[in-house]
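Tertiary structure, described
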Amino acid sequence: MHPVPLSEIERAIRNVPDFPKPGIQFKDITPVLADGRLFGAVIDGLLEGVPPGSVDKVVGIDARGFIFAAAAAVRLGVGFVPVRKKGKLPWTTHEQSYDLEYGSATVAVHVDAVAAGERVLLLDDLLATGGTASAALALLEKLGARIIGANFVIELDFLEGRKRLGTHPVRSLVHY
Ligand code: AMP
């Protein structure tokens with residue numbers, strides 16, 4: 001299969017103005033997911049520079065992050081861990097609150113989702129203010145995980161979210 005240019009992925013991302021609130025331009029990745037070639041290329045892109053055997057768990061953030069993290073975990077042959085919105089996970093959890101680009105929220109992870117010392121890769125669809133990802137990283141640090149990096153399909157550069165992710169390697173495929 002020929003490599004897919006990033007510009008093609010970028011063109012497939014749909015901009016929805018004023019969703020879910022006035023002033024927010026929502027980046028809709030469903031057209032990317034609906035195209036098997038583009039979806040596969042995004043997974044390839046998210047795993048670029050992540051050699052097989054270098055990761056023990058792929059962690060995805062509720063909800064669109066699950067889609068990419070689950071596919072990436074299967075591709076790497078490793079487990080998938082969900083970081084979910086508070087109140088959704090059935091077992092004992094750690095919780096972390098954070099501010100969103102719109103509103104505020106709390107995320108949670110099962111206390112036994114990652115063993116101390118395991119190497120984890122965090123994936124999400126979009127890095128905006130960085131609140132969600134930094135909360136997820138804080139949860140993973142609480143579990144004693146070794147964070148290999150945090151990779152995103154889309155990054156809104158003007159919000160400078162990566163500044164909140166400390167020294168962890170951060171990579172995004174498409175920048176706005
Ligand atoms: P933040 O915590 O501000 O970095 O926001 C990141 C989270 O909110 C991600 O899980 C995204 O799915 C979602 N999000 C924030 N802003 C947008 C946007 N403009 N378009 C789509 N999703 C967004």
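Residues numbered from 1 in each chain as written. Predicted model: local features only at pLDDT ≥ 70, side-chain atom pairs only at ≥ 80, totals over all residues. Heavy atoms only, no water.

Some words on the sheet that holds strand E3 (residues 57–61)
Within a sheet, adjacent strands bond to each other through the backbone by hydrogen bonds, running parallel or antiparallel. Put simply, the rule reads: When DSSP finds two or more bridges between two strands, those strands count as paired. Here a helix means four or more residues in a row that DSSP labels H or I, a strand means two or more in a row labelled E, and each is numbered from the N terminus. With axes taken as lines fitted to C-alpha atoms, and helix axes fitted only over the stretch in contact, angles between N-to-C directions fall between 0 and 180 degrees. Any two residues having at least one pair of non-hydrogen atoms within 4.5 Å are treated as being in contact.
The mixed open sheet is built from seven strands, whose spatial order is E5-E6-E4-E3-E7-E8-E9. In the strand order of this sheet, the two ends are held by strand E5 (93–99) and strand E9 (170–175), each with one partner. For this sheet, the mean angle separating the axes of adjacent strands, direction not counted, is 25°. Pairing analysis gives two bridges linking strand E4 (residues 79–85) to strand E6 (residues 104–110), with the strands arranged antiparallel. Within the sheet, the bridge partner assigned to Lys85 lies in E6 and is Val107. Its contacts with the sheet put helix H3 (residues 36–46) on strand E7 (119–127), strand E8 (146–155) and E9, and the angle it makes with E9 is roughly 145°.

Concerning the nonpolar core
Note the threshold: What we call a nonpolar core is a set of buried Ala, Val, Leu, Ile, Met, Phe, Trp, Tyr and Cys residues that are connected through their side-chain atoms within 4.5 Å. Type-normalised accessible area, obtained with a 1.4 Å probe on protein chains alone, sets the label of each residue: buried when under 20%, exposed when over 50%, and partly exposed for intermediate values.
Ranked by size, the top nonpolar core spans 29 residues in total, and within it Val42, Leu46 and Val58 carry the most contacts. Put simply, the parts of the chain that give this core at least two residues each are helix H1 (6–12), H3, helix H4 (64–76), E7, E8 and E9. Excluding residues within four positions of it along the chain, Val58 makes contact with Ala69, Ala72, Ala73, Leu76, Val78, Gly79, Phe80, Val81, Leu121 and Leu123. Val83, Val109, Ala145 and Ala150 belong to the second-largest nonpolar core, a separate cluster that totals 25 residues.

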